[in-house]
Amino acid sequence: MNKVLYPGSFDPFTNGHLDLVNRAAGIFDTVIVAVAVNPGKNPLFSIGDRVEMIRKSCGHLGNVEVVSFHGLLVDALERYKAHAVLRGLRAFSDFEYELQMALMNRSMRSACETIFMMPTPENSFVSSSMVKEIAHLGGDFAQYVPAPVKEAIEQVIEGEL
Ligand code: PNS
């Protein structure tokens, strides 16, 4: 059984992330979306909220599990018995960071392979940070995120007003 682990901050989960999960779910037996707990970051959404939003957004896919993890990605890979890490590549500018991360992970754990997938061109420019900025500045962000994420962002913005 082929299991792939898709890690990220997902603050918030976007249509670009969903695009990748949809593609991976058609290739792998199981896709584990793993939300990273990163104490160094100041996220908009709690880990629990992010896990919940992703579960709702991927509800149409029977072979997708959503979890959170703290610590090293290579350890999470082992814990969930996944065969590879999945990461998205949107543009050439993503490549350097992704290459470094993939090689560091493989240097720590030689069995850790990283698979890269590209979203559709419409989703290639979508990023969580830009979605947050557009939302906070009153722009139309709904087209870039799944419906459950749209609702959660609207609630946060209403709370800030
Ligand atoms: O969505 P992001 O913020 O680009 O995801 C980055 C993430 C969470 C995949 C990366 O920071 C990570 O793997 N964090 C876990 C800690 C770790 O293993 N660090 C060493 C990476 S070489």
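Let me begin by describing the structure that accompanies this report.

Reading the values: the criteria
- Residues numbered from 1 in each chain as written.
- Predicted model: local features only at pLDDT ≥ 70, side-chain atom pairs only at ≥ 80, totals over all residues.
- Heavy atoms only, no water.
- Pairing = 2+ DSSP bridges.
- Helix = DSSP H or I, 4+ residues; strand = E, 2+ residues; numbered from the N terminus.
- Axes fitted to C-alpha atoms, helices over the stretch in contact; angles between N-to-C directions.
- Near = heavy atom within 4 Å.
- Polar contact = N/O pair within 3.5 Å; in protein donor to acceptor, adjacent residues only side chain to side chain.
- Nonpolar A, V, L, I, M, F, W, Y, C, P; charged D, E, K, R; others polar.

What to know about the sheet that holds strand β3 (residues 64–69)
Line of reasoning, step 1. Pairing is parallel in the open sheet, where five strands are placed in the order β3-β2-β1-β4-β5. Looking at strand neighbours, the two that pair on one side only are β3 and β5 (113–117), the edges of this open sheet. Each strand axis lies, on average, 30 degrees off the axis of its neighbour in the sheet, ignoring direction.
Line of reasoning, step 2. Looking at chain direction, strand β4 (residues 84–88) and β5 are connected through five bridges and run parallel. Note that in β5 the partner of A84 across the bridge is E113.

Focus: the site of the ligand
Line of reasoning, step 1. Close to the ligand lie 14 residues, the nearest being S9, A36, K41, L73 and R87.
Line of reasoning, step 2. Measuring from an oxygen atom of the ligand, one finds a side-chain N or O atom of S9 at 2.5 Å.
Line of reasoning, step 3. A distance of 2.8 Å is found between an oxygen atom of the ligand and a backbone nitrogen or oxygen belonging to L73.
Line of reasoning, step 4. Sorting the residues of the shell around the ligand by element identifies β1 (3–8) and α4 (92–108) as the ones contributing at least two each.
Line of reasoning, step 5. The dominant element in the shell around the ligand, judged by the number of residues it contributes, is α4, at four residues.
Line of reasoning, step 6. Its residues assigned to classes, the shell around the ligand shows eight nonpolar, four polar and two charged.

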